[in-house]
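# Observations on the model geometry
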Amino acid sequence: MKNYLSINDIDSLSTWVKEAISLKKQPRKFKELGSDKTIGLLFFNNSLRTRLSTQKAAMNLGMEVIVMNFGSEGWALEYADGTIMDQGTSEHIKEAAQVISQYCDIIAIRAFAGLVDKEKDEAEEVLNGFKKYANVPIVNMESSVGHPLQALTDAITMEEQNFKNDPKVVLSWAPHPKALPHAVANSFVQMMQKQNADFVITHPVGYELDPNITKDSKIEHDQDKALENADFVYVKNWSSYSDYGQIKSQDKTWQMTLKKLGNAKFMHCLPVRRNVVVADEVLDSKQSLVIEQANNRTFAAQLVLKKILENLN
Amino acid sequence: MKNYLSINDIDSLSTWVKEAISLKKQPRKFKELGSDKTIGLLFFNNSLRTRLSTQKAAMNLGMEVIVMNFGSEGWALEYADGTIMDQGTSEHIKEAAQVISQYCDIIAIRAFAGLVDKEKDEAEEVLNGFKKYANVPIVNMESSVGHPLQALTDAITMEEQNFKNDPKVVLSWAPHPKALPHAVANSFVQMMQKQNADFVITHPVGYELDPNITKDSKIEHDQDKALENADFVYVKNWSSYSDYGQIKSQDKTWQMTLKKLGNAKFMHCLPVRRNVVVADEVLDSKQSLVIEQANNRTFAAQLVLKKILENLN
Amino acid sequence: MKNYLSINDIDSLSTWVKEAISLKKQPRKFKELGSDKTIGLLFFNNSLRTRLSTQKAAMNLGMEVIVMNFGSEGWALEYADGTIMDQGTSEHIKEAAQVISQYCDIIAIRAFAGLVDKEKDEAEEVLNGFKKYANVPIVNMESSVGHPLQALTDAITMEEQNFKNDPKVVLSWAPHPKALPHAVANSFVQMMQKQNADFVITHPVGYELDPNITKDSKIEHDQDKALENADFVYVKNWSSYSDYGQIKSQDKTWQMTLKKLGNAKFMHCLPVRRNVVVADEVLDSKQSLVIEQANNRTFAAQLVLKKILENLN
């Protein structure tokens, strides 16, 4: 594998999930693999789990880690071709990506959607800029349209539950005070489309995700109906896609509660706003998998880095 | 030892001090002890000595170090139970602490007093939140009410002077343009209460520290009288405790000078404002121990981490 | 070698360049040299190449690296002697430098010119403050008046071109929307003065660099004439030195183009503003050496650190 940019870079999800679970049992088994190799973690946005788990994953593989907050420690990059750069940007992605490729064997990037200009966000200028101009593998630590390390984590976490072959999995929208990107939901949907499962997406009308991503996945606007007999309920807020980046509802009745959850396992990528997105009673119950999801971030990242390193050596 | 939250976590101060002095002679002797172990240093406030010396201590023990500035690199945490999190906080300490525990074998935290709400500061919500919800040992890198790594450092530094058994030690308040927390003074007092010494606290009326901390330690409002025949003079500003967080005096006559110091050794935790807290002549004299105190920060931290690691393995 | 503060700390440029080229072939050859040694990289200004390449260089030598952004993670330092520190500065360089020397075996510092007060900038208070009070070697990662790691890099990059013995090298000013420091240009001039070359500086009238640095180097205000038959053209903006820190021209005709460049190799330290400082056609041509210059930053830094470490051991 060269890059890990989206769920589509996974050749066999079931094989990857098994391999990650095996890595989790012996996290330092491949600590020689990354010897004398450097990963650069470039943050254009804040991070807690991704920052710590990806650094931990790289260290488990014996890599050297350089962390850089591009916004506060570096400067604004230019992504457009042919620009007369006499305004706010100090360096073109062409130079930045080629240069960093000389210091790092792998570059991992976090750059969120701005949620103002749909076309610009979908162009994924930061991630695609690095992909285009870097000479080393690129890992997506959440971009405008996807968060494939999270979705791989989610697949690992579901597999660990040793469920029946075809569980019912529901992705349920939830209210939130801020406009949030679609990346986590998008990658979760794409991951579920690779699984044998009864998968349903539920959200208020007007919160349809990009139809090029949901494709023929089932959408049910009645949350109660969607949740019936669910085995896993993945809750996540996102802003409107059609009215791009807008908050069209903060309907509190969409908050996840124990009653709604039934016997299902609860999942969320974190950070989560308690008693807005989901009630305390859910997060504090044994049905919640959120802490184990966060744990598995390390092993999802470690599997991805391992595959890239094996391809480098 | 599980956590190092306050001076009270030291079972035998004299034994610890001896052990730290022994570590200082061979700082890399235990470089295998922390192998495959990770420490997370979480900063909710700025730092120079603590950041560098704790990182150095962990590296001396062979640990991997992750440094995170929570404010600028992460987001605001919620500490209250049951909150409807629709305001400024993005993640609850319950999740954050459990999650970080999965990436780090030890978590070290710096979170200063806000000096606005005494009750809130004394609740130590950041430190106690991590203590309550984390599954790994917690180290206090200065909290609202204590700075026990500094106080251990101070004990080491005094021991190195090979003084007579019962030295006279004075903690003397000094003026400062900003309102400062009580943490350093509190931990120094608590540490001195474990020593065989003639210990005196001196400050203007109105600057009494928390009586639950000073207990029956001697307080003398006449600085000259307090300083008579002192062997060690520890100078430090703090804001009012009774009029919580207020500056009640900037009386320049409380500044430490060579004349006042007499033959005593001068101590301060740094950073120090020259010619406000203490005259140049004192800091530039051979009586000043401040640089050696800073040096000993490494070995105080290293001893604490060593004890925690030994308990982990 | 003790410190690397300016080009003048290089005893034999040709020997250093050869040694750096040799290091580049086996970057991990000396990975034991820095074992149990720590370098502190202190940033008072932002950085991309310098931050990453110096960290990489240190890791190649097996050193442990501590990176600190002094502005955002620490506090303002006082540099003047005898100050009553009741204003914005919290710690004196005397303490800071001595203290950091106890945690780090080498200290590297980036502190740009402020471009407001020439005398203050030329006093190099940050770099010279650390030089004066630190007890360990100091490396200049770009100071007010010099960027000697860049100039060493440039010498390496020119040598790799296997040019005829005495190439014609032109340092050509270029327009820029912001007022920039003189450090890169200064160190390049000083480095060229140690080379066998036909060296010419060209810039609009009013952009003369410090005459104490240019000395008897040739200055030609007619850019076309200066560029005739050039082998290397180093392009760089700087603000006025005589009208200190002022922008006196943004004359677009000084932008470097392929036509002006002729058959010469193009050099720039990066970051570079495309189509302001230099046309896309130049940067995207095979005549551009900018990416290789950035690559060589690692080996320039590694050579400097290697020489310092050899002197320490």
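Only a predicted model underlies this, so the values are computations on that prediction, with no experimental measurement involved.

### Observations concerning the overall build of chain A
Of the regular secondary structure elements, chain A holds 13 helices and 11 strands. A compact globule built from 313 residues should have a C-alpha radius of gyration of about 20 Å, and chain A, at 19 Å, falls within 12% of that. Viewed in the frame of its principal axes, chain A has a C-alpha envelope of about 55 × 50 × 35 Å. Out of the 313 residues in chain A, the part that is buried amounts to 64%. Taking all contacts inside chain A whose residues are at least 6 apart in sequence as the whole, residues at least 24 apart take part in 77%. Per element, the accessible surface of chain A, about 11400 Å² overall, is 45% carbon and sulfur.

### Re the layout of surface pockets
Considering only enclosed or pocket space, the largest pocket measures out at about 1700 Å³ in volume. Residue lining of the largest pocket: 49 residues in total, with A:Met63, A:Glu64, B:Glu64, C:Met63 and C:Glu64 positioned closest to the centre. For the lining of the largest pocket, the secondary structure elements donating two or more residues are helix 2 (49-60) and strand 2 (64-69) of chain A, helix 2 (49-60) and strand 2 (64-69) of chain B together with helix 2 (49-60) and strand 2 (64-69) of chain C. In terms of residue count, strand 2 of chain B provides more of the lining of the largest pocket than any other element does, 6 residues in total.

### Comments concerning helix 8 (residues 183-192) of chain C
Residues and elements named next belong to chain C. Within helix 8, 10 of the 10 residues are buried, leaving the element largely enclosed by the surrounding structure. Within helix 8, burial applies to Ala183, Val184, Ala185, Asn186, Ser187, Phe188, Val189, Gln190, Met191 and Met192. If you follow the buried residues of helix 8, they end up packed against helix 1 (13-25), helix 7 (148-160), strand 7 (168-173), strand 8 (198-202), helix 9 (211-214) and strand 10 (232-236).

### What to know about the relation of the copies chain B and chain C
Superposing chain B onto chain C takes a rotation of 120° plus a shift of 0.0 Å along the axis, which leaves an RMSD of 0.0 Å. Given the turn and translation reported, the copies of this chain are related as if by a three-fold rotation axis. Ranked by how close their C-alpha atoms come to the rotation axis, the residues of chain B are headed by B:Ser72, at 5.1 Å.

### Re the sheet that holds strand 6 (residues 138-140) of chain B
Residue and element names in this part refer to chain B. Ordered in space as 2-1-5-6, the 4 strands form an open sheet in which the pairing is parallel. Two strands bound the open sheet, and with one partner strand each, they are strand 2 and strand 6. The mean inter-strand angle of the sheet, taken between neighbouring strand axes irrespective of direction, is 20°. Here strand 1 (residues 38-43) runs beside strand 2; their pairing, made up of 6 bridges, is parallel. Counterpart to Leu42 in the pairing with strand 2 is Met68.

### Some details on the packing of helix 1 of chain C against helix 13 (residues 290-312) of chain C
The angle between the axes and the distance between the axes are what describe a pair of packed helices. Residues and elements named next belong to chain C. It is at 9 Å that the axes of helix 1 and helix 13 come closest, and there the two elements cross at 105°. Taken together, the axes of helix 1 and helix 13 are roughly perpendicular relative to one another. Taken together, the residues of helix 13 that come into contact with helix 1 (itself represented by Trp16, Glu19, Ala20, Leu23 and Lys24) are Glu292, Asn295, Asn296, Phe299, Gln302, Leu303, Val304, Lys306 and Lys307. Residue composition of the contact of helix 1 with helix 13, grouped by class: 6 nonpolar, 3 polar and 5 charged.

### Structural notes on the interface of chain B and chain C
Facing the 30 residues of chain B at the interface are 34 residues of chain C. Together, the buried faces of chain B and chain C total about 2800 Å²; carbon and sulfur atoms form 52% of this surface. If you look at where chain B meets chain C, you find 7 salt bridges. The salt bridge partner of B:Arg49 is C:Glu91, with a shortest N-O separation of 2.7 Å. Viewed at the interface, chain C and chain B are joined by 19 residue pairs in polar contact (both at pLDDT 80 or more). Every element with two or more residues in the side of chain B that touches chain C is listed here: helix 2, helix 12 (280-283) and helix 13 (290-312) of chain B. Ranked by the residues each element gives to the side of chain B that touches chain C, the list is headed by helix 2 of chain B, at 7 residues. Across the side of chain B that touches chain C, the residue classes break down as 11 nonpolar, 8 polar and 11 charged.

### Digging into the packing of helix 13 of chain B against helix 4 (residues 93-103) of chain C
Where helix 13 of chain B contacts helix 4 of chain C, the two axes come as close as 9 Å, and the packing angle between them is 30°. The element helix 13 of chain B and its partner helix 4 of chain C pack so that their crossing is right-handed. Contacts between helix 13 of chain B and helix 4 of chain C involve B:Ile291, B:Glu292, B:Ala294, B:Asn295, B:Arg297 and B:Thr298 from the former and C:Glu95, C:Gln98, C:Val99, C:Gln102 and C:Tyr103 from the latter. When the residues that make up the contact of helix 13 of chain B with helix 4 of chain C are grouped by side-chain class, the tally is 4 nonpolar, 4 polar and 3 charged.

### What to know about the environment of C:Lys29
Residues and elements named next belong to chain C. Along the polypeptide, Lys29 turns up in the loop between helix 1 and strand 1 (38-43). On the accessibility criterion, Lys29 (52% relative accessible area) is exposed. Taking C-alpha positions, Lys29 is 26 Å from Ser6, a pair spaced 23 residues apart along the chain.

### A closer look at the interface of chain A and chain B
Chain A puts 30 residues into the contact, and the matching count from chain B is 34 residues. Counting each side, the surface lost to burial between chain A and chain B is near 2800 Å², with a carbon and sulfur contribution of 53%. One can count 7 salt bridges joining chain A with chain B. Residue A:Arg28 is joined to B:Asp36 by a salt bridge in which the shortest nitrogen-to-oxygen separation is 3.5 Å. Along the contact surface separating chain A from chain B lie 19 residue pairs in polar contact (both at pLDDT 80 or more).

### Quick look at the domain arrangement of chain A
Residues and elements named next belong to chain A. Per the domain assignment, the segments of chain A are domain 1 (7-146 + 296-312) and domain 2 (162-288). Computed over C-alpha atoms, the centres of domain 1 and domain 2 are 26 Å apart. Of the roughly 1500 Å² buried where domain 1 meets domain 2, counting both sides, 60% is carbon and sulfur surface. The three residues of domain 1 that bury the most area against domain 2 are Ile7, Leu115 and Lys118, which together make up 41% of that side's buried surface. For the pair domain 1 and domain 2, the interface holds 0 salt bridges. For the interface between domain 1 and domain 2, the tally reads 5 residue pairs in polar contact (both at pLDDT 80 or more). At 3 residues, helix 5 (residues 118-123) tops the list of elements feeding residues into the side of domain 1 that touches domain 2. Partitioned by chemical class, the residues of the side of domain 1 that touches domain 2 number 7 nonpolar, 4 polar and 6 charged.

### Side note on the pattern of salt bridges
Between side chains of opposite charge, pairing is possible as soon as their charged atoms come close. All chains considered together, the criterion is met by 51 salt bridges over all chains. For A:Asp243, the salt bridge identified is with A:Lys248, shortest N-O distance 2.7 Å. On the basis of relative accessibility, which here comes to 43%, the residue A:Lys248 falls in the partly exposed class. The closest approach of N and O atoms between C:Lys24 and C:Glu292, which form a salt bridge, is 2.7 Å. Here C:Lys24, found in helix 1, pairs with C:Glu292, found in helix 13; they are 268 residues apart in sequence, far enough to count as distant. Taken together, the salt bridges that share partners define one network made up of A:Lys94, A:Glu95, C:Arg274, C:Asp280 and C:Asp284.

### So, empty space enclosed by the protein
In total, this model carries 2 cavities of 30 Å³ or more according to the counting rule given. Looking at the largest cavity, its volume works out to about 70 Å³. Together, B:Ala113, B:Glu122, B:Ser144, B:Val145, B:His182, B:Asn186, B:Leu209, B:Asp210, B:Ile213, B:Tyr241 and B:Tyr244 line the largest cavity. Of the residues that constitute the lining of the largest cavity, the class distribution is 6 nonpolar, 3 polar and 2 charged. Of the volumes computed, that of the second largest cavity is approximately 40 Å³. Looking at the lining of the second largest cavity, its residues break down into 3 nonpolar, 3 polar and 1 charged. Composition of the lining of the second largest cavity by domain shows at least three residues from each of domain 1 (7-146 + 296-312) and domain 2 (162-288) of chain C.

What counts, and where the lines are drawn
- Residues numbered from 1 in each chain as written.
- Chains lettered and ligands numbered in written order.
- Predicted model: local features only at pLDDT ≥ 70, side-chain atom pairs only at ≥ 80, totals over all residues.
- Heavy atoms only, no water.
- Helix = DSSP H or I, 4+ residues; strand = E, 2+ residues; numbered from the N terminus.
- Rg over C-alpha atoms; globule rule 2.2 N^0.38 Å.
- Buried < 20%, exposed > 50% of the residue type's maximum accessible area, 1.4 Å probe, protein only.
- Contact = heavy atoms within 4.5 Å.
- Areas by Shrake-Rupley, 256 points an atom, 1.4 Å probe, with all protein chains shown as cover.
- 1 Å grid on protein atoms, 1.4 Å probe; cavity = no way out; pocket = protein on both sides within 12 Å on 5 of 7 lines; lining within 4 Å.
- Points joined across faces, edges and corners; volume = space filled by probe spheres on them.
- Least-squares fit on C-alpha atoms with pLDDT ≥ 70 in both.
- Pairing = 2+ DSSP bridges.
- Axes fitted to C-alpha atoms, helices over the stretch in contact; angles between N-to-C directions.
- Parallel < 35°, antiparallel > 145°, perpendicular 65-115°, else oblique.
- Nonpolar A, V, L, I, M, F, W, Y, C, P; charged D, E, K, R; others polar.
- Buried area = accessible area lost by both parts, 1.4 Å probe.
- Salt bridge = Lys/Arg side-chain N within 4 Å of Asp/Glu carboxyl O.
- Polar contact = N/O pair within 3.5 Å; in protein donor to acceptor, adjacent residues only side chain to side chain.
- Left-handed = near helix turned anticlockwise from the far one by under 90°.
- Domains from an automatic or database assignment.

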